[in-house]
Amino acid sequence: MTGVRLTVNGSTHEADVEDRTLLVHFIRENLRLTGTHIGCDTSQCGACVVLLDGRAVKSCTMFAAQASGSEIVTIEGVAKDGQLHPVQEAFREHHGLQCGFCTPGMILTAIDMIRRKPQLDRQTIREELEGNLCRCTGYHNIVNAIEAAARTMAEAA
Amino acid sequence: MIPYPFTYHRPNSLAEAEALLARLPDAKLLAGGHSLIPAMKLRLASPAALIDISRIADLSFIRRAGDTISIGAAVRHFEVADSEMVHKAIAALASLVEEIGDPAVRHMGTVGGSVANNDPAADYPAAVLALGATIRTNQRSISADDFFTGMFSTALEDTEILTAVDFPIPKRAGYVKFANPASRYAMVGVFVAETAGGVRVAITGAAPCVFRSSEMETALAQSFAPDAVASIAIRPEGMNSDIHGSAEYRAHLVTVLAKRAVAVALRSSGGPHG
Ligand SMILES: Cc1cc2nc3c(=O)[nH]c(=O)nc-3n(C[C@H](O)[C@H](O)[C@H](O)COP(=O)(O)OP(=O)(O)OC[C@H]3O[C@@H](n4cnc5c(N)ncnc54)[C@H](O)[C@@H]3O)c2cc1C
Ligand code: FES
Ligand code: FES
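Remember, predicted model here, so these are calculated numbers, not experimental data.

Criteria and thresholds
Residues numbered from 1 in each chain as written. Chains lettered and ligands numbered in written order. Predicted model: local features only at pLDDT ≥ 70, side-chain atom pairs only at ≥ 80, totals over all residues. Heavy atoms only, no water. Salt bridge = Lys/Arg side-chain N within 4 Å of Asp/Glu carboxyl O. Buried < 20%, exposed > 50% of the residue type's maximum accessible area, 1.4 Å probe, protein only. Pairing = 2+ DSSP bridges. Helix = DSSP H or I, 4+ residues; strand = E, 2+ residues; numbered from the N terminus. Axes fitted to C-alpha atoms, helices over the stretch in contact; angles between N-to-C directions. Contact = heavy atoms within 4.5 Å. Domains from an automatic or database assignment. Buried area = accessible area lost by both parts, 1.4 Å probe. Nonpolar A, V, L, I, M, F, W, Y, C, P; charged D, E, K, R; others polar. Phe/Tyr/Trp six-rings, centres within 6.5 Å; stacked < 30°, edge-to-face > 60°. Lys NZ or Arg CZ within 6 Å of the ring centre and 35° of its normal. Near = heavy atom within 4 Å. Polar contact = N/O pair within 3.5 Å; in protein donor to acceptor, adjacent residues only side chain to side chain. Areas by Shrake-Rupley, 256 points an atom, 1.4 Å probe, with all protein chains shown as cover. Parallel < 35°, antiparallel > 145°, perpendicular 65-115°, else oblique. Left-handed = near helix turned anticlockwise from the far one by under 90°.

**As for the pattern of salt bridges**
Here the structure, examined in full by the defined rule, presents 21 salt bridges over all chains. Ionic pairing is found between Asp242(B) and Arg250(B), a salt bridge with its closest N-O pair at 3.1 Å. The class for Arg250(B) is buried, based on a relative accessible area of 4%. Here the salt bridges share partners, and the residues they tie into one network are Asp112(A), Arg115(A), Arg116(A), Lys117(A) and Glu128(A).

**Remarks on the sheet that holds strand β1 (residues 2-8) of chain A**
Residue and element names in this part refer to chain A. Overall, mixed pairing links the 5 strands, which are arranged β2-β1-β5-β3-β4 in an open sheet. With partners counted over all chains shown, the strands left at the sheet margins are β2 (11-17) and β4 (55-58), one partner each. Mean inter-strand twist for the sheet, computed between neighbouring axes without regard to direction, equals 40 degrees. Note: strand β3 (residues 49-52) against strand β5 (residues 71-73), 2 bridges, orientation antiparallel. Each bridged residue has a counterpart across the sheet, and for Leu-51 the counterpart in β5 is Val-73. Strand contacts of helix α4 (residues 103-116): β3, β4 and β5, with the helix running at about 40 degrees to β3, the strand carrying the most contacts.

**Remarks on the domain arrangement of chain B**
Residues and elements named next belong to chain B. Domain assignment breaks chain B into domain 1 (7-52) and domain 2 (60-269). Between the C-alpha centres of domain 1 and domain 2 there is a distance of 26 Å. Facing the 9 residues of domain 1 at the interface are 14 residues of domain 2. Between domain 1 and domain 2 the total buried area reaches about 840 Å² when both faces are included, carbon and sulfur atoms providing 70% of it. On the surface where domain 1 and domain 2 come into contact, there are 0 salt bridges. The element contributing the most residues to the side of domain 1 that touches domain 2 is helix α1 (residues 14-23), with 4 residues. Residues of the side of domain 1 that touches domain 2, tallied by class, amount to 5 nonpolar, 3 polar and 1 charged.

**A look at the packing of aromatic side chains**
Residues and elements named next belong to chain B. Applying the stated criterion across every chain yields a total of 3 aromatic pairs over all chains. Ring geometry for Tyr-175 against Phe-191: centres 5.7 Å apart, planes inclined by 35 degrees, an arrangement best described as tilted. One end of the pair, Tyr-175, is in strand β11 (residues 172-179); the other, Phe-191, is in strand β12 (residues 186-195), with 16 residues separating them in the sequence. Among the residues examined, Tyr-175 registers a relative accessible area of 8% and is labelled buried. Sitting above the plane of the Tyr-4 ring, Arg-43 keeps its charged end 4.1 Å from the centroid. In this arrangement the basic side chain of Arg-63 is found over the ring face of Phe-61, its NZ or CZ atom lying 3.8 Å from the centre.

**Re the site of ligand 1**
All names here are of chain B. The immediate surroundings of ligand 1 are formed by 34 residues, with Leu-29, Gly-33, Thr-110, Asp-123 and Arg-184 found nearest. Here an oxygen atom of ligand 1 sits 3.4 Å away from a polar atom, N or O, in the main chain of Ser-114. Here Arg-184 contributes a backbone N or O atom positioned 2.7 Å from an oxygen atom of ligand 1. When isolated, ligand 1 has an accessible area of 970 Å², and the protein chains bury 95% of it. Elements with a minimum of two residues in the shell around ligand 1: β2 (27-30) and α7 (111-117). In terms of residue count, the dominant contributor to the shell around ligand 1 is α7 (5 residues). The class makeup of the residues in the shell around ligand 1 is 14 nonpolar, 15 polar and 5 charged. Viewed by domain, the shell around ligand 1 spans two of them, domain 1 (7-52) and domain 2 (60-269), each represented by three or more residues.

**Observations concerning the packing of helix α3 (residues 86-93) of chain A against α4(A)**
All names here are of chain A. Two numbers describe how α3 lies on α4: the axes approach to 9 Å, and their chain directions differ by 125 degrees. As judged from the angle between their axes, α3 and α4 are oblique. For α3 against α4, the interelement crossing comes out right-handed. Within the contact between the two elements, α3 uses Val-87, Gln-88 and Phe-91 and α4 uses Thr-103, Met-106, Ile-107, Ala-110, Ile-111 and Ile-114.

**Side note on the domain arrangement of chain A**
Residues and elements named next belong to chain A. Assigned domains of chain A: these are domain 1 (2-77) and domain 2 (86-156). Here the C-alpha centroids of domain 1 and domain 2 sit 21 Å apart. With 18 residues of domain 1 in contact, the opposing surface of domain 2 contributes 14 residues. When residues of domain 1 are sorted by the area they lose upon contact with domain 2, His-37, Val-49 and Ile-75 head the list and together hold 37% of the total. Linking domain 1 with domain 2 are 0 salt bridges, by the criterion used here. Viewed at the interface, domain 2 and domain 1 are joined by 5 residue pairs in polar contact (both at pLDDT 80 or more). Among the secondary structure elements, those contributing two or more residues to the side of domain 1 that touches domain 2 are β3 and β4.

Structure representation (structure tokens):
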């Protein structure tokens with residue numbers, strides 16, 4: 001067992017976990033934050049993406065112990081005071097989801113993408129989505145949503 | 001997809017990491033974890049202990065000394081891609097790193113892990129070999145030509161820790177990969193560099209281990225132009241053949257990508273004075 005200390009969506013959690021506990025399992029099973037999904041066994045789908053110290057990472061490819069000491073944001077921590085995040089709002093507005101399975105990872109990837117590259121064009125958005133698979137939408141409306149969110153956020157800044 | 005049990009250790013210094021590696025039986029170093037953890041989840045790897053070196057400050061630097069860019073083993077892919085120093089000095093290296101996997105992979109994966117792992121389809125080994133880099137470890141320095149010894153194998157001993165890679169700044173260089181559309185690893189990648197020691201061409205993805213093409217190097221030494229390699233056919237014997245592509249297909253790609261890599265090198269402004 002190993003002691004981990006993680007700040008998740010602003011609150012700090014301390015726990016003793018098995019050393020082999022993956023971060024995604026810690027988030028889902030210990031913290032019961034089930035918005036972070038598991039969609040593959042090969043680190044390729046991005047359904048499990050969370051922000052680790054502000055950066056998009058695949059929580060299925062990291063042990064909770066590795067993340068100890070860091071700050072994590074999951075999809076549950078994105079809306080503030082009942083207000084959807086501009087990226088969430090844009091996914092809703094532009095029909096950027098169908099079944100919604102990929103959506104938490106898509107939204108956190110988009111937030112990270114807009115932070116790094118505020119001036120996003122459509123080609124860049126598609127390249128940046130390399131690590132996120134969607135089985136439903138064909139990506140078109142996801143790209144529309146991210147493009148719109150980047151614009152809204154640039155105007156608000 | 002849960003790995004076999006192991007114990008996790010996070011040393012604060014290289015000395016602590018060395019001591020753990022010497023003391024713990026069947027231990028493995030953990031850097032970005034983006035090769036090792038997928039393998040552990042599939043239970044293809046089952047180390048008894050993991051020694052996490054990713055937060056050791058002494059392994060995390062990018063610096064330039066004269067005509068060499070030195071990158072610490074724990075430097076993550078995104079840090080190399082974001083480094084203005086690397087872009088200016090070795091643009092081909094920066095663009096290679098920008099195309100590894102996806103953003104989340106680049107936020108975790110490290111140069112030390114990539115080079116030590118020597119995946120036949122990985123990108124970094126092509127840069128290390130073509131640029132004639134020097135691999136630094138806690139025990140010695142190893143030249144790129146002696147480092148990559150076969151599929152997933154290197155000259156590193158079990159108790160050896162890769163600490164940095166020193167990349168000599170080339171006169172010009174270019175890297176082009178044909179990425180596997182699913183994994184983004186190289187189906188084939190060709191890195192061409194005009195270095196102080198002559199022209200070097202390294203090929204990854206095509207064979208079980210990164211290798212140089214002396215035929216292409218000789219041709220490019222005479223004339224550094226895409227046409228110089230256009231008629232050099234690489235023999236498919238010994239090339240990888242799998243569901244993604246046959247040996248013949250990969251051999252063909254080598255010539256195509258070598259031409260393109262030379263064109264990229266000719267366009268690049270990177271160099272000691274660039
Ligand atoms: C979805 C996905 C896509 C990817 N696409 C690409 C791609 O397009 N191109 C590409 O090149 N790679 C790709 N990768 C691999 C990625 O770049 C890995 O991060 C990298 O190969 C390994 O680096 P790491 O830091 O994660 O190493 P780890 O997984 O932590 O370690 C790998 C191995 O190296 C050893 N090791 C680590 N550090 C050291 C050290 N300092 N000294 C000695 N031994 C050490 C470990 O013990 C282990 O055996 C991809 C990975 C994923 C999951
Ligand atoms: S569950 Fe993490 S990448 Fe698929
Ligand atoms: S909306 Fe169903 S997987 Fe993307």
